[in-house]
Amino acid sequence: MTAQIIDGVALSKHIRAEVGRRAAALAARGTTPGLAVILVGDDPASAVYVRNKVKACQEHGLHSVLEKYDATLPEADLLARIAALNADPAIHGILVQMPVPRHVDPHKVIAAIATSKDVDGFSVHSAGALMTGLSGLRPATPYGCMKMIESTGIDLKGKHAVVIGRSNTVGKPMALLLLQANATVTVCHSGTPDLGQFTRQADVVVAAVGRRNTVTAGMVKPGAIVIDVGMNRNDEGKLCGDVDFAGVREVAGWITPVPGGVGPMTITMLLVNTLQAAEAAL
Ligand code: GUN
């Protein structure tokens, strides 16, 4: 069996068209959804990510501001900038690109962002809302993974999902979203012995550990949905995920590529969250 590809670019295009329509409807009511993106330091990968986020806003009728600061920016100054953006009515979403420099406490940064503007869904309030079944802003990457799973048309009720990774940004919220969709969920991570013993039972595998070839063909149940969140480089410097794509696509029923899978969906769901925040502020 050769898996069907879940095309993150095509799905994004569809969702972004809807984002454009919703942004236009807001504009007609006098509101332009606004996203502030803050980058502290000069990590090249982070610089690319934030540029893509700002570009996506511009392409879909959202207002965006990019604030770049030197890696030496004192934590207090960053918190003061966030406070100013919290009070700015033209800004509906605030995102501080992670990781922040070592002298800055990411928990303090996340806590400083107004709950209503937490478009990353990283705050204790947003995480708690997800855990307790309240509506709220969902972290963009797992939210995008859910949209990709939904696009297969397969109902998760009665299905077993295995999440590999336990980060606050992907693994943990991913597990909660799958649970909310009635899947039976197992969370594995970098310290799980015999990972294949778990993944071979899974109807859905979400790989988010950041280590290439974590999931290989022999670890996948025939017909499974395989979602690859990884962003790694192979020996030739080419972007690759956590899944051995060439091998696994011969076993899985559905698979996401890297690049062109989860990456574009993350940005798309950030746009959706920014719109949701702007609509809620009306
Ligand atoms: N760094 C890597 N992914 C993300 C993300 O989704 N949001 C933020 N703020 N930082 C990140």
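Residues numbered from 1 in each chain as written. Predicted model: local features only at pLDDT ≥ 70, side-chain atom pairs only at ≥ 80, totals over all residues. Heavy atoms only, no water.

Colleague: For this particular structure, what's the right way to read helix α7 (residues 171-180)?
Modeller: Residue pairs three or four apart in sequence face the same way in an α-helix, which turns once every 3.6 residues. For α7, the complete set of buried residues consists of Gly171, Pro173, Met174, Ala175, Leu177 and Leu178. In the core, the buried residues of α7 are packed alongside α5 (124-132), α6 (140-150), β5 (160-164), β6 (184-188) and β7 (204-207). Immediately beyond the C-terminal end of α7, within one or two residues, lies Asn182, with a positive phi of roughly 75 degrees. (Buried < 20%, exposed > 50% of the residue type's maximum accessible area, 1.4 Å probe, protein only. Helix = DSSP H or I, 4+ residues; strand = E, 2+ residues; numbered from the N terminus. Contact = heavy atoms within 4.5 Å.)

Colleague: Got a minute to help me understand the nonpolar core in this structure?
Modeller: Across soluble globular proteins, nonpolar side chains show a tendency to be buried alongside one another. In terms of nonpolar packing, the biggest core is built from 50 residues, with Ile149, Met174, Leu178 and Ile227 touching the most fellow members. With ten residues, the single largest contributor to this core is helix α10 (residues 262-280). If we ignore the near neighbours within four places in the chain, the residues touching Leu178 are Met146, Ile149, Leu156, Ala161, Val163, Ala183, Val185 and Val206. By size, the runner-up hydrophobic cluster in this structure holds 18 residues, among which are Ala3, Leu195, Val205 and Ala252. (Core = buried A, V, L, I, M, F, W, Y, C linked by side-chain atoms within 4.5 Å.)

Colleague: Is there a simple way to explain the pairing of β5 in this structure?
Modeller: Most of β5 is tucked away, with five of its five residues classed as buried. Across five bridges, the pairing between β5 and β6 is parallel. Bridging across to β6, Ala161 finds its partner in Val185. Read as a crossover between parallel neighbours, the route from β5 over α7 to β6 is right-handed. Pairing of β5 with β7 involves four bridges; the strand directions are parallel. Paired with Ile164 across the two strands is Ala207, which belongs to β7. (Pairing = 2+ DSSP bridges. Right-handed = clockwise from strand over helix to strand, strands pointing away.)

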